[in-house]
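Structural characterization, general
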Amino acid sequence: MKMNIRSLEFKNNKLFLIDQRVLPQQYKKFICRNFKDVEFAITDMVVRGAPAIGVTAAYGIVLAAIEFIDLPPKDFFKKMHLACDLINKSRPTAVNLMWAITRMSKLLIESKTQKEILSDLRKEANIIADEDIQTNKKMGQLGNSLIPQKATILTHCNTGALATVKYGTALGVIRAAVASGKDIFVYADETRPRLQGSRLTAWELVQEGIPAKLIADSVAATLIRDGKIDLILVGADRIATNGDTANKIGTFMLSVMARVYRIPFYIVAPTTTIDFSRQTGTEIEIEERSPREVTHIMNVQIAPDNIDIYNPAFDVTPNENITAIITEKGIIEKPFKENILKLK
Ligand code: MRU
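Since the model is a prediction, treat every value here as computed from it, not as a measurement.

What follows covers the nonpolar core. With 46 residues, the main nonpolar core has Leu15, Leu17, Tyr59, Met80, Ile87 and Leu121 as its most contacted residues. Secondary-structure elements contributing two or more residues to this core are strand E1 (8-11), strand E2 (14-18), strand E3 (29-32), helix H1 (35-43), helix H2 (50-68), helix H3 (73-88), helix H4 (95-105) and helix H5 (114-144). At 13 residues, the largest contribution of residues to this core is made by H2. Look past the residues within four positions of Leu17 in its chain and what remains in contact with it is Ser7, Leu8, Lys28, Lys29, Phe30, Cys32, Ala41, Val46, Val47 and Thr56.

In C-alpha cells:
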C-alpha cells in the first residue's frame, strides 16, 4: 500500500518530524518540544530540503511563543527575536529558512497581546505549510507539461515529500507525470556525502512504485553521453535574480553534462526560493559541513585519520546551463533576469 509521506506535522503544541537521518533503515519521528529542538533538527538535518526547512522554522517560532508567552512583554519580545535569530542561522544556504523567519517575525507586533501574537503565529505557520503543499501541486502540474509521454529522467538529491511538507518539487513533477499516465523511468543518483538520493529519494520512489534505478553519482555522465537520459530535474536552495541556482553539491556537474549533450536541465522550485537580494550566484553563501560526512558513511569510517577534507554542501549552477525554472507562478524561460524580476 502507498504511504502518504508528510515530512512534518504540528500537533498538541509539538512538531513531529520524520527523522531523515535514519531513513531508510528506520522510520521514526523526532519530536520538537521547543525552538531549540527545531534549531537542532535543522542544523543536524533531521529535516532538510529548502521548503521543509522553511516550514519547520515557522513552527519553531510558534514553539518559542508558547515557551515565552507568560514573560513580561519586554522579555517576551527580546526572547522571541533571539529565537528568530538563532533559527535563522541554523543553515545558511536555503533561503526559504530566512524567508519563513522574516514572514513570522513580522507578526511580533508590540501593540498586540502575547496571546494574540501566539494565535497569529500559529495561523501563519499553518498557512505557510498549506501553501507549500498547494505550490508543489501547481509546480507538478506546470512541470508535467514539459515532460514527454515517455521519458527517462535523472534527478539529484531529494526533492520529494521529505524535502517539502508533502509531494515535492522536482520529484513532485515526476509524481505528476506518473499520475497523468506517462511512461516514466527515473534514475536517482546517490548524492554523496549525505546520500539523500539513495536513502531518501530511492525510498520515496519505492513507496510510490515509480520505476527507477539508483546509481552511484559517477554513473550519471556515462548515462547522459549514451543517450539514456531525456531530461534532468533538480530542486534549488536559492536562486539569484539572474537565474544562477544553488542546489545540492553535484548539481553543477550534471548541468555541464546536460549542456554538452544538449538535454533539458530544469530547476523546479517555489518562488520563495528566489532571493531578490542576490543578483548572481557568487553572492550566495555556500554551506560547508562537517568533514565527518565525507570520512564516514553511517558511522563507518571510510577514510584514513588525518586526511584533510573539503565538504561544501551546495554548488551554483550558472544560468546558461539551465533550460527553464519551473515555479508555481509559471515556467521561467530565458532571459532569466528579465523574467525573474517580473515575479517580484
Ligand atoms: O542539504 P539538503 O539535503 O537540505 O539539500 C537539499 C537540496 O539541495 C534540495 O535539492 C533542495 O533543497 C530542494 S528540495 C525541494
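In this structure, the largest pocket spans a volume of roughly 400 Å³. Counting residues per element, the ones that place at least two in the lining of the largest pocket are helix H10 (292-295) and strand E11 (296-297). Split by residue class, the lining of the largest pocket holds four nonpolar, four polar and eight charged. When residues of the lining of the largest pocket are sorted by domain, at least three fall in each of domain 1 (8-136) and domain 2 (141-341).

Quick look at the site of the ligand now. Around the ligand lies a shell of 18 residues, among which Arg48, Gln196, Asp237, Asn247 and Lys248 are the nearest. A distance of 2.8 Å is found between an oxygen atom of the ligand and a side-chain nitrogen or oxygen belonging to Arg91. Note that an oxygen atom of the ligand is positioned 2.8 Å from one of the side-chain N or O atoms of Gln196. When the ligand is considered free in solution it has 410 Å² of accessible area, and contact with the protein chains removes 100% of it. Structurally, the ligand is housed in the largest cavity. Here the shell around the ligand gathers at least three residues from each of two domains, domain 1 (8-136) and domain 2 (141-341).

Before going further, it helps to examine the sheet that holds E3. Here three strands make up an open sheet; going across it, the order is E1-E2-E3 and the pairing antiparallel. Each end of this open sheet is capped by a strand with a single partner; those strands are E1 and E3. If you compare each strand with its neighbour and ignore which way they point, the axes differ by 25 degrees on average. As judged from the four bridges shared by E1 and E2, these two strands associate in the antiparallel manner. Bridge pairing in E2 links Phe10 to Leu15.

What follows covers the packing of aromatic side chains. The final tally for this structure, using the stated rule, is six aromatic pairs. With centroids separated by 5.3 Å and ring planes inclined at 65 degrees, the aromatic side chains of Phe185 and Tyr187 adopt a geometry described as edge-to-face. A residue is classified by how much of its surface remains accessible, and Tyr187, at 12% relative accessible area, is buried. A cation sits over an aromatic face here: Lys11 above Phe16, 5.2 Å from the ring centre. Stacked on the ring of Phe314, the Lys or Arg Lys248 has its end atom at 4.3 Å from the ring centre.

With that settled, the discussion passes to unusual backbone geometry. Omega for the peptide link from Leu23 to Pro24 comes to 0 degrees, which places this bond in the cis form. If you trace the backbone, Pro24 turns up in the loop between E2 and E3. Following Lys334, the chain continues to Pro335 via a peptide bond in cis, the omega torsion being 0 degrees. Turning to its location among the elements, Pro335 is positioned in the loop between strand E15 (330-332) and helix H11 (336-341).

The sheet contact formed by strand E5 (residues 183-189) and strand E6 (residues 212-215) spans four bridges and is parallel. Paired with Val186 across the two strands is Ala212, which belongs to E6. Handedness of the crossover joining E5 and E6 through helix H7 (residues 196-208): right-handed.

Looking at the secondary structure, you find Asp275 in the loop between strand E10 (265-268) and H10. Looking at Asp275, its side chain comes within polar contact range of the side chain of Ser277, at 2.6 Å. When residues no more than four places from it in sequence are discounted, the contact partners of Asp275 are Val95, Arg238, Ile239, Ala240 and Thr241.

The subject of this paragraph is the domain arrangement of the protein chain. Structurally, the protein chain comprises domain 1 (8-136) and domain 2 (141-341). Computed from C-alpha atoms alone, the centre-to-centre distance between domain 1 and domain 2 is 25 Å. Listed by partner, the interface residues are 31 residues for domain 1 and 33 residues for domain 2. For the pairing of domain 1 and domain 2, the buried interface totals around 2,700 Å² over both sides, and the portion due to carbon and sulfur atoms is 57%. For the domain 1 face of the interface with domain 2, the top three residues by lost area are Arg48, Thr93 and Asn136, together amounting to 23%. Across the domain 1-domain 2 interface, the total number found is one salt bridge.

Turning our eyes to something else, we now look at the sheet that holds strand E8 (residues 238-239). One open sheet accounts for three strands, arranged E8-E9-E13; its pairing is antiparallel. In this open sheet, the two strands that pair with only one neighbour each are E8 and strand E13 (314-317).

Definitions and cut-offs
- Residues numbered from 1 in each chain as written.
- Predicted model: local features only at pLDDT ≥ 70, side-chain atom pairs only at ≥ 80, totals over all residues.
- Heavy atoms only, no water.
- Core = buried A, V, L, I, M, F, W, Y, C linked by side-chain atoms within 4.5 Å.
- Buried < 20%, exposed > 50% of the residue type's maximum accessible area, 1.4 Å probe, protein only.
- Helix = DSSP H or I, 4+ residues; strand = E, 2+ residues; numbered from the N terminus.
- Contact = heavy atoms within 4.5 Å.
- 1 Å grid on protein atoms, 1.4 Å probe; cavity = no way out; pocket = protein on both sides within 12 Å on 5 of 7 lines; lining within 4 Å.
- Points joined across faces, edges and corners; volume = space filled by probe spheres on them.
- Nonpolar A, V, L, I, M, F, W, Y, C, P; charged D, E, K, R; others polar.
- Domains from an automatic or database assignment.
- Near = heavy atom within 4 Å.
- Polar contact = N/O pair within 3.5 Å; in protein donor to acceptor, adjacent residues only side chain to side chain.
- Areas by Shrake-Rupley, 256 points an atom, 1.4 Å probe, with all protein chains shown as cover.
- Sits in = over half its atoms within 2 Å of the grid points.
- Pairing = 2+ DSSP bridges.
- Axes fitted to C-alpha atoms, helices over the stretch in contact; angles between N-to-C directions.
- Phe/Tyr/Trp six-rings, centres within 6.5 Å; stacked < 30°, edge-to-face > 60°.
- Lys NZ or Arg CZ within 6 Å of the ring centre and 35° of its normal.
- Right-handed = clockwise from strand over helix to strand, strands pointing away.
- Buried area = accessible area lost by both parts, 1.4 Å probe.
- Salt bridge = Lys/Arg side-chain N within 4 Å of Asp/Glu carboxyl O.

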